[in-house]
Structures are given as structure tokens and as C-alpha cells.
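# Breakdown of the fold
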Amino acid sequence: MPTLEAHIVKRRRVFTVDVHLRLEQGERLALFGASGAGKSTVLSCLAGIENPDSGRIHFGETVFFPPNLPLYRRALAYLTQSDSLFPHLSVADNVCFGLRGHERNGAQRWVEELKERLELGPLWNESARRISGGQARRVALARMLARRPPLVLLDEPFTALDRPTISELVDAILQWHRELGFILIAVDHRADILEKLCTRAAAIEGGHIVQQGTWPDLTAAPATPLLARLLSTG
Amino acid sequence: MLAFALALLYPLAGLCAPIGHWQWDGSIPGSTASAVSVSLILTGIALLFDVALGTPVAWYLARHSGRDTIVWEAAVLVSVLMPPLALGILLSLAFGPSTAPGAWLLRMGVPTSNSPLAFTATQIYVSIGYYIVAARAALAAVPADLERMASLLGLRPCQVFRRVTFPLARLGFAAALSLAWVRALGEFGAVIVTAYYPSGMPVQIWINLQDAGMPAVLPLLVVFLLTALPLPWVIHLIAQRRHADANP
């Protein structure tokens, strides 16, 4: 049962991000805070896109940092605001991109399920260049989950999507979380989305976690005025 | 626009100039066939070196933005901006018997002038800068976040290059290659200093001009144009077409 343990220290221009996290398998944590609070820095350090200045990140037996483990050796999925679909490939090839030959055969039923649940059938052979923004987000989600990752990082993946699409994607993620049991860390500045997606929340301000707990804990007694404001407007 | 295009293409009318019968045979020193094969084979070899040496450099320059990059870019630009004749003279001096590397090569039995090696090395020097600059632009146009995403999906760096970077940059690479091809194949100023023999097409055209006049020049000139122009021309047209398709 892989556990994620991370202490991330990363200097920023205005402040230093210094965050401790510990998540057991299947946990769903929301990193909540204002824009520029350091939430995305935490995720990009976990994913390996940025190197922490110090600290350590362990995922089960695997050491992510230090030394910095190459991106391709991290068993995780990372979904950001940008879909980053490969424009020279079809939707089908995008979804199966991370599957190696033998995995591709074994994952056939799973890929079929992703295709059906995310309504990708009609687009399956389309070029990734020619699909809409909402469709691209669904393809990115399918591609992310095709490898059945044990750790999923979501960095504001619902930005610029309409409410019905967001709701549909959140439901899909929760359903697959039940099936796959991955650790989920989601970042957003909208509390209502995170509340639906995650059971636990950590509020970040100025690079530090100022409060942790369940959503009712946070909303009942926000630790800072900014957090109170964010929770009331989220 | 039409007048401008006609003016641009007008030099081609020179092929129809009334200069008498074209002289096709090898009555002049060095045959046309030999010059064509020297140019094509040695330019092909030079391009292999351009790709093998220039692609990693282009990738480095496209993906790094530190201060050292400015230094490397400046070095590449020197090779692009160097007047060919000056480059030829400098190469023949730098690899001549009066310098340590040149003397060592000669001791090892490596001829540093008037040899296929000197010809190819000169072509590499004159073309690799162009290849790097164009390949760098092609690679820089591939969004880095796509490469990152491919890595996050479990691909090693060489797989990322093969499956993402290269397919997205291939037309740019083709353009870079065709630019290097034209530059190397058409090189005269540097090659005439370092490798008068074996004569490639440009040097042979000059020899024909000196020894037998225009009638002996034009046949080789036609072959020269047919080998130099179509590749970059077609690649440019395909690139324009693809760009138009991608951005309707």
C-alpha cells in the first residue's frame, strides 16, 4: 500500500513554500488557497516538473526526491489547465500514448471503459487538433487514467469549463477513484469543486499550510480571514 | 506582385541566351559527371555530419535559456556569418602544415587540402550553422509542455524525441536539411581554397567558364540547378500547405 510522504521546500520570489504532506492509499486531499499561494508549486514538485530546494518526497518504496527522480519513472498522473494533447496524433493514440505494447493489450477493456464513460467514441479516430476544449479535457483525463496511476495530481483542471462538464468530470474521477483506489491531490481556488472531489483539505497561504481537516472543520472555523473569505465566496 | 515575381525569376531567362551550341562532352579538364558525383556524394556525407552533430546542439539551444546559451549561439552565428572566402582561407591556414593540428593530421597521413576529406570538412563548416539555426527554430516551436507530458506518461527522453518532438518538428527539420543542402552543394568561395580538387559542381563550372566559356558552363549549370533547387522548393511548399491546413 503506497503512502505519499512529502516535505517540500521551494523558494519563491515573495515567500518560501514549506509544506508537509502525508497521504495513505485512497486518500483525497484538496490543496485550497488564493492564487499564488504556492499550491501549484507543491504539485509541480511532486510531479518532478520543478525540483524542491530541500525536503524529501517518498511514494511507497520509491524516492522521488532527493535525488530528483526523472519524470518518466514517477508512477503518477498529472492533469493541468492545459490539456497538452499531442496534436499530431488521433484521440485514440493520445489516450493510449502512455501504454507500452503489452500494457496496451492488457488494458483494452479498461480503455474501452474510459472511452465509453467519457463519451469519446464519436471522436476516437479524430485528430486531436480538431476537437473542442471540453472534448480535449475529457481526452486528457482518459489519457491520464489509462495507465491506472496510483497517484493522481489535479492542478485546476476544470478552469474554463462549464458547470455541467465539470460536474460530469468530477463524477467520473470519483467513480474511477473507487475502482482504482489512487491517492488524489487536487488544487483549485474554488471550494465547491474541491469539496465534492476531496474528503480532506489543506488550506495554503504564503507557501504554508495554515489549516488542515475535513471541509466541515474548515468552514466551521477558518483559521485566517483570507481563508474565511475564500470559503464564503468559493 | 506579378512584376516583382517576374523580376525575381528573370535571371532564369539566361538559360535561353543565344550563346551557341551547349558543350556536353568532357573535352574540358574534369568531366561533368565526375563533378556531379563528387558534389552529390560528398554533400550527402556532409549532411549526415550536420544532422549527427547539429541536432543535439540545436536541441540544447532550443531548450535552454541560460547565459551560456548566448555564447553557444554566438559561436554558431560566427559560422553562419563568416564570408565563405574568408572561411576557406582560415580553414586552409588552421589545418595547414604551420599549425599543430594541421601538422599532426599531415603526419598521420590525412590530407587537409585538395582531398575529399577537405571538401567534406569545408562543406560541414559552411552548412552546419545554417542547419543548427533552422533546426533550433523547428525544435523551439514544439511546446515544451508536450515533451513534459510525454515524460510524465512514462517515456524516456529518446522516446519523447522520437514520438513527440521529431514528428512535430519534422517539416522544420526538413527545411533545415534543405537549407544546409543548398548551402553545402552551392559552396564555392571556401571550397575553391581548400579543395580545388576533387572539383564539385561550383568549382567545375568555374573551371569550364575559364577554359571553355559559356557553352561549356550551361549544361553543368542546369544539372546544378536541378540538384540544388527542387528539394528546398518542394519542402517549402509542403510546409506552407501543412501550415495552412493546421491554421484554417
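Below is a short write-up of the structure. (Residues numbered from 1 in each chain as written. Chains lettered and ligands numbered in written order. Predicted model: local features only at pLDDT ≥ 70, side-chain atom pairs only at ≥ 80, totals over all residues.)

## Here we look at the overall build of chain B
Counting its regular elements, chain B contains twelve helices and zero strands. Overall, chain B shows an N-to-C arrangement of helices and strands of α-α-α-α-α-α-α-α-α-α-α-α. The principal-axis extents of the C-alpha atoms in chain B amount to approximately 65 × 55 × 25 Å. A separation of at least 24 residues holds for 78% of the contacts in chain B among residues at least 6 apart in sequence. (Helix = DSSP H or I, 4+ residues; strand = E, 2+ residues; numbered from the N terminus. Contact = placed C-beta atoms within 7 Å.)

## Overview of helix α8 (residues 157-185) of chain B
With 29 residues, α8 of chain B extends just 33 Å between its outermost C-alpha atoms, more than 12% less than the 42 Å of an ideal straight helix rising 1.5 Å per residue. Roughly 60° is the biggest bend found in α8 of chain B, and it falls at Arg 170 of chain B. (Expected span 1.5 Å × (residues − 1). Bend = angle between axes of the 7 residues up to and from the residue.)

## Section: the interface of chain A and chain B
One frequently used descriptor of interface size is the decrease in accessible area upon assembly of the parts. In this assembly, 13 residues from chain A lie in contact with 14 residues from chain B. In terms of residue class, the side of chain A that touches chain B is made up of seven nonpolar, four polar and two charged. (Nonpolar A, V, L, I, M, F, W, Y, C, P; charged D, E, K, R; others polar.)

## Let's talk about the environment of Glu 195 of chain A
Inspection of the secondary structure assignment puts Glu 195 of chain A in helix α7 (residues 191-197). A C-alpha to C-alpha distance of 14 Å links Glu 195 of chain A and Leu 154 of chain A, two positions 41 residues apart in sequence.

## Thoughts on the sheet that holds strand β5 (residues 62-65) of chain A
Residues and elements named next belong to chain A. What the four strands build is an open sheet, ordered β2-β1-β4-β5; its pairing is antiparallel. The open sheet has two edge strands with one neighbour each: β2 (16-23) and β5. Across this sheet, the average inter-strand angle for adjacent strands is 20°, counted without regard to direction. In this sheet, strand β4 (residues 54-59) lies alongside strand β1 (residues 4-11) in antiparallel orientation, the contact comprising six bridges. In the strand pairing of β4, Glu 5 is matched with His 58. Against the sheet, helix α1 (residues 39-47) contacts β1, β2 and β4, and its axis sits at roughly 115° relative to β1. (Pairing = 2+ DSSP bridges. Axes fitted to C-alpha atoms, helices over the stretch in contact; angles between N-to-C directions.)

## Description of the packing of helix α10 (residues 201-212) of chain B against helix α11 (residues 214-228) of chain B
Residue and element names in this part refer to chain B. Two numbers describe how α10 lies on α11: the axes approach to 8 Å, and their chain directions differ by 165°. What the angle tells us is that α10 and α11 run roughly antiparallel. For the crossing formed where α10 meets α11, the hand is left-handed. Counting all contacts with α10, which are made through Met 201, Gln 204, Ile 205, Asn 208, Leu 209 and Ala 212, the residues of α11 involved are Pro 215, Ala 216, Val 217, Leu 220, Leu 221 and Phe 224. In terms of residue class, the contact of α10 with α11 is made up of ten nonpolar, two polar and no charged. (Parallel < 35°, antiparallel > 145°, perpendicular 65-115°, else oblique. Left-handed = near helix turned anticlockwise from the far one by under 90°.)

Purely spatial values, then, with no claim about function.
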